[in-house]
Amino acid sequence: MNDGCQGCGCGGAGASPPGGETRRGALFKLGAGLMAVGGAVASVPIFGALVAPGFRRYGNSWLDIGGVADYPAGETRLAKFSIPGASPNDGETATAAAWVRSMDGGKFQVFAVNCAHLGCPVKWFQQSRLFMCPCHGGVYYEDGSRASGPPPRGLFEYEWKVENGRLLIDAGRLPGLQETA
Amino acid sequence: MLRGLKAIIGWTEDRSGMIGVVTPIITHRVPRNAKWWYVFGSATLMFFCIQLVSGTLLATLYAPSAADAYQSLVYIDTQVPMGWMLRAIHGWSSNAMVLMVVVHMLQVFLHGAFKFPRELTWMVGVLLLFCTLALAFTGQIMRWDQDAYWGLGIGASIVDRVPVLGNQLRNIMLGGPYIGGATLSRFFALHVFVLPGLTIALVGLHLWLILRNGVSEMPKVGEPVVPATYRRDFEARTERTGVPFFPDAAQRDMVFCGLALIVVVGLAALYGPFGPNGNPDPTVIDANPRPDGAFLWIFAALALLPAQVETFLLLAAPPVIVLLLLAIPLISPRGERAPTRRPVSVLAMLLVCTALAALTWLGVTSPWSPVMDAWTSVPTPVRLVERLTPLQMQGALVMQYQQCRNCHAIDGTGGMRGPDLGDVGSRLSWDQLVRQVQQGGGNMPAYGKTLSAAETVAVVAFLQACRTDGQPPAFIPGALERAASGDLPPVAAPVAAPPAAP
Ligand code: FES
């Protein structure tokens, strides 16, 4: 490597013809300006695709998770469903699960399996009527309220409705403290 | 033949001048006393090179799509000749790289080698530490198994807690509103393009800075770093007493790197690759996600942070830690380098190391996690069963059936979330046991609504029988009289006639 300055635009290499100084200065500014404009225009699509998910509003949609009869009153069962609009290369991760608590009088509570602490999958225990989290020991009562451990709140709940004997839930997004369910 | 070779080398050198550039670099003089302490940086670099080579080869076999990734790993492990070993070496060498980078950093800190004029070398090193950790984390995602899936879930939940923009950032991180194909693709790009590229660039800068400022000498008590004169003195000393890096100093690096490599290959051959642990199926709720070794301390911290400050610490701690590490050489750029003259620094270092080691150990044992199958797999100890009355026996069944053992050990077996109940009968009185079972508290759920009065009596009778030989049941004077006068909750009524001690 030597100290040549071809292309650096500094106009410093003594041998420039008279008048070259100013012309080079103007050319340099033009070059810098064009690069800036070109770069700005190019980076919109380049980085746009990267940050696009941050600007989109993702809605949930009503998903059929089975007939009401599949969920006998007094029991809490796991429902599995496919995430709407999943991409073909999601594989198994295009599915999700929810805990459905069926109560007397056709009432339901549908909980996300994701712990309200940091999202690990909570497991239902029918005998003690508790949900336990394998990660940091969060525990919830059967109505989803926090029983113990680090979770700052109860389990996330999905909206539900019954249509023509089918149980529908409003789901699709990964639940989280800001993105409840 | 030899002449031909010489001619080729001569021609290449004439056109490129590479030998002229490289020779002074590898033979630059380093302090004579730069001995075994100095091998860890080289070892880190060696493992990084192994990661580059083995990673590139893995990329020729791995299918970076959420639908296929898991199967492609199983295929590499079981069908590709030596494929499992390739994965094993990549995995073990990544652990070795993390370990070496940490040891290297501790050595540099201990010897005050970050002081003038090597501040920037330290700072670039700090960035390299985080690149290494980021590579380790994203590498764990590449396994695309249950650990990866739920690990991402934890990461997403943390990002989601950022005020205002949390949800947007989370969706950018995941490439959408859930963990899926876009998520794996993002982390794949990070793991194989962005982070390695960044690391290579920073390693280049790190090495350049080492060449520019020289390898530091071993610290000597009474020879503080004085910026005004340091460079001149250092150059004079290395000129006088230094040795060429190659081969004099490099031979130790070579011995250590060779040994370390043999150990890593040996471990890989013995223990095989890491994971993949279970299909990344979000509907399999039996998952028991655990992070890799380098992140166990974070896993432990997440379980132990008090809820009130958790979000604040989760979000504030990482930037504070990074800035603090970067600022170390600016806080203390001059003065004594010898550890014996820097007691505060050395103590702080020991404290951090102890804390990390303790948290990592806790992460390994994770006593806060319920043992999900303890209620069906861990028996009631024979020494207790042998002497139980029928009522107490019934209580033992209730205890087992209600999943109490998931969180409570008896005589050391079972969950460790709550206290071991092997001697609870001599620690808590009948009343206290009833209250604890019914109302919970101290991290225990309340069982008042779940258990019938009869079940409560049975389980408390059993708990009272949980004592070591010869220990009487715990007893609060006056409790019987109070119970008899009727000012205790209804279920405590049998207290008036507690079952006789076995
Ligand atoms: S994720 Fe469930 S307790 Fe932490």
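Note that the coordinates shown come from a computational prediction; the quantities given were computed from them, not determined experimentally.

Some remarks on the overall build of chain A
Here's step 1: For chain A, the helix and strand inventory stands at one helix and 11 strands.
Here's step 2: Mapped in sequence order, the helices and strands of chain A form the string α-β-β-β-β-β-β-β-β-β-β-β.
Here's step 3: For chain A, buried positions account for 43% of its 181 residues.
Here's step 4: Pairs at least 24 residues apart make up 46% of the contacts formed inside chain A by residues separated by at least 6 positions.
Here's step 5: With an accessible surface of roughly 9300 Å², chain A has 58% of that area assigned to carbon and sulfur atoms.

A look at the overall build of chain B
Here's step 1: The helix and strand tally for chain B stands at 20 helices and four strands.
Here's step 2: Relative to a compact globule of 502 residues, whose C-alpha radius of gyration would be 23 Å, chain B shows 31 Å and is clearly more extended.
Here's step 3: Expressed as lengths along the three principal axes of its C-alpha atoms, the size of chain B is roughly 105 × 60 × 50 Å.
Here's step 4: Considering only residue pairs separated by 6 or more positions, chain B has 79% of its internal contacts joining residues 24 or more positions apart.
Here's step 5: About 24500 Å² of surface is accessible on chain B, with carbon and sulfur atoms providing 71% of the total.
Here's step 6: Between the centroid of the 34 positive side chains of chain B and the centroid of its 30 negative side chains there is a distance of 11 Å.

Some details on the interface of chain B and chain A
Here's step 1: In this assembly, 65 residues from chain B lie in contact with 59 residues from chain A.
Here's step 2: Carbon and sulfur atoms make up 59% of the area that chain B and chain A hide from each other, which totals about 4800 Å².
Here's step 3: When the buried surface of chain B facing chain A is broken down by residue, Tyr178, Ile285 and Met372 of chain B rank first, second and third, together holding 15% of it.
Here's step 4: Where chain B meets chain A, there are one salt bridge.
Here's step 5: Residue Asp286 of chain B pairs with Lys123 of chain A through a salt bridge whose shortest N-O separation is 2.7 Å.
Here's step 6: Our count for the contact surface shared by chain B and chain A stands at 23 residue pairs in polar contact (both at pLDDT 80 or more).
Here's step 7: Ranked by residue count, the leading element in the side of chain B that touches chain A is helix α7 (residues 146–160) of chain B, at eight residues.

Section: unusual backbone geometry
Residues and elements named next belong to chain B.
Here's step 1: Following Phe116, the chain continues into Pro117 via a peptide bond in cis, with omega recorded as 0°.
Here's step 2: Mapped onto the fold, Pro117 is located in the loop between α5 (83–110) and α6 (119–142).
Here's step 3: Each neighbour pair has its own omega, and for Gly275 with Pro276 the value is -5°, a cis peptide bond.
Here's step 4: Of note, Pro276 is situated in the loop between α11 (245–271) and α12 (296–304).
Here's step 5: If you check the backbone angles, Met82 has positive phi at about 65° while not being a glycine.
Here's step 6: Structurally, Met82 can be placed in the loop between α4 (69–78) and α5.

Some remarks on the sheet that holds strand β5 (residues 123–125) of chain A
All names here are of chain A.
Here's step 1: Read across the sheet, four strands follow the order β5-β6-β7-β8 without closing on themselves; strand pairing throughout is antiparallel. Edge positions in the sheet fall to β5 and β8 (146–148), since each has one partner strand and no second. The average undirected angle you get between the axes of adjacent strands in this sheet is 35°.

Focus: the packing of helix α1 (residues 2–16) of chain B against helix α2 (residues 18–26) of chain B
Residue and element names in this part refer to chain B.
Here's step 1: Look at α1 against α2: their axes get within 6 Å of each other, and the N-to-C directions meet at 85°. One element, α1, and the other, α2, form an angle in the roughly perpendicular class. For the pair formed by α1 and α2, the contact residues are Ile9, Glu13 and Ser16 on the first element and Met18, Ile19 and Gly20 on the second.

Remarks on the state of the cysteines
Here's step 1: This model, assessed by the stated rule, comprises one disulfide over all chains.
Here's step 2: One disulfide bridge connects Cys120 of chain A with Cys135 of chain A, the sulfur atoms lying 2.0 Å from each other. The disulfide joining Cys120 of chain A to Cys135 of chain A has a torsion of about -75° about its S-S bond and is therefore left-handed. One end of the pair, Cys120 of chain A, is in the loop between β4 (107–112) and β5; the other, Cys135 of chain A, is in the loop between β6 (130–132) and β7 (139–141), with 15 residues separating them in the sequence. By the burial criterion, Cys120 of chain A is buried, and Cys135 of chain A matches it.
Here's step 3: Free of any disulfide, Cys257 of chain B has its nearest cysteine sulfur in Cys49 of chain B, 9.7 Å distant.
Here's step 4: Sulfur of Cys407 of chain B: no disulfide; nearest cysteine sulfur belongs to Cys404 of chain B and is 8.8 Å away.

Thoughts on the side chain of Asn213 of chain B
Residue and element names in this part refer to chain B.
Here's step 1: Mapped onto the fold, Asn213 is located in helix α9 (residues 181–213).
Here's step 2: Within polar-contact distance, the side chain of Asn213 engages the backbone oxygen of Pro117 at 3.2 Å.
Here's step 3: Ignoring any residue separated from it by four or fewer positions in sequence, one finds Asn213 in contact with Pro117, Arg118, Thr121, Arg231 and Phe234.

Focus on the domain arrangement of chain B
Interfaces are often described in size by the accessible area the parts lose on coming together.
Here's step 1: Under the domain assignment used here, chain B contains domain 1 (31–283) and domain 2 (374–484).
Here's step 2: One C-alpha centre belongs to domain 1 of chain B, the other to domain 2 of chain B, and the line joining them spans 49 Å.

With respect to the sheet that holds strand β10 (residues 160–163) of chain A
Residues and elements named next belong to chain A.
Here's step 1: Spatially, β1-β11-β10 is the arrangement adopted by the three strands of the open sheet, whose pairing is antiparallel. Single-partner strands in this sheet number two, and they are β1 (61–67) and β10. For this sheet, the mean angle separating the axes of adjacent strands, direction not counted, is 35°.
Here's step 2: Looking at chain direction, β10 and strand β11 (residues 166–171) are connected through four bridges and run antiparallel.

With respect to the confidence of the model for chain B
Here's step 1: Across chain B, the average pLDDT comes to 91, with 95% of residues at or above 70.
Here's step 2: Across residues 488–497 of chain B, confidence stays below pLDDT 50; counting only partners more than four residues off in sequence or on other chains, it has 16 contacts.

Some words on a nonpolar patch on the surface
All names here are of chain B.
Here's step 1: A cluster of nonpolar side chains, Met18, Val21, Val22, Ile25, Ile26, Leu211, Phe246 and Met254, forms an exposed patch at the surface whose accessible area comes to about 670 Å².
Here's step 2: Only α2 and α11 provide two or more residues apiece to the nonpolar patch.
Here's step 3: The leading source of residues in the nonpolar patch is α2, at five residues.
Here's step 4: Residue position: Phe246 is located in helix α11.
Here's step 5: Assessed through its relative accessible area of 42%, Phe246 is described here as partly exposed.

Parameters and conventions
- Residues numbered from 1 in each chain as written.
- Chains lettered and ligands numbered in written order.
- Predicted model: local features only at pLDDT ≥ 70, side-chain atom pairs only at ≥ 80, totals over all residues.
- Heavy atoms only, no water.
- Helix = DSSP H or I, 4+ residues; strand = E, 2+ residues; numbered from the N terminus.
- Buried < 20%, exposed > 50% of the residue type's maximum accessible area, 1.4 Å probe, protein only.
- Contact = heavy atoms within 4.5 Å.
- Areas by Shrake-Rupley, 256 points an atom, 1.4 Å probe, with all protein chains shown as cover.
- Rg over C-alpha atoms; globule rule 2.2 N^0.38 Å.
- Lys, Arg positive; Asp, Glu negative; His and termini not counted.
- Charge placed at Lys NZ, Arg CZ, Asp CG, Glu CD.
- Buried area = accessible area lost by both parts, 1.4 Å probe.
- Salt bridge = Lys/Arg side-chain N within 4 Å of Asp/Glu carboxyl O.
- Polar contact = N/O pair within 3.5 Å; in protein donor to acceptor, adjacent residues only side chain to side chain.
- Pairing = 2+ DSSP bridges.
- Axes fitted to C-alpha atoms, helices over the stretch in contact; angles between N-to-C directions.
- Parallel < 35°, antiparallel > 145°, perpendicular 65-115°, else oblique.
- Disulfide = S-S within 2.5 Å.
- Domains from an automatic or database assignment.
- pLDDT = per-residue confidence, 0-100.
- Patch = residues over 30% accessible without salt bridge, like charges linked within 9 Å, V, L, I, M, F, W, Y side chains within 5 Å.

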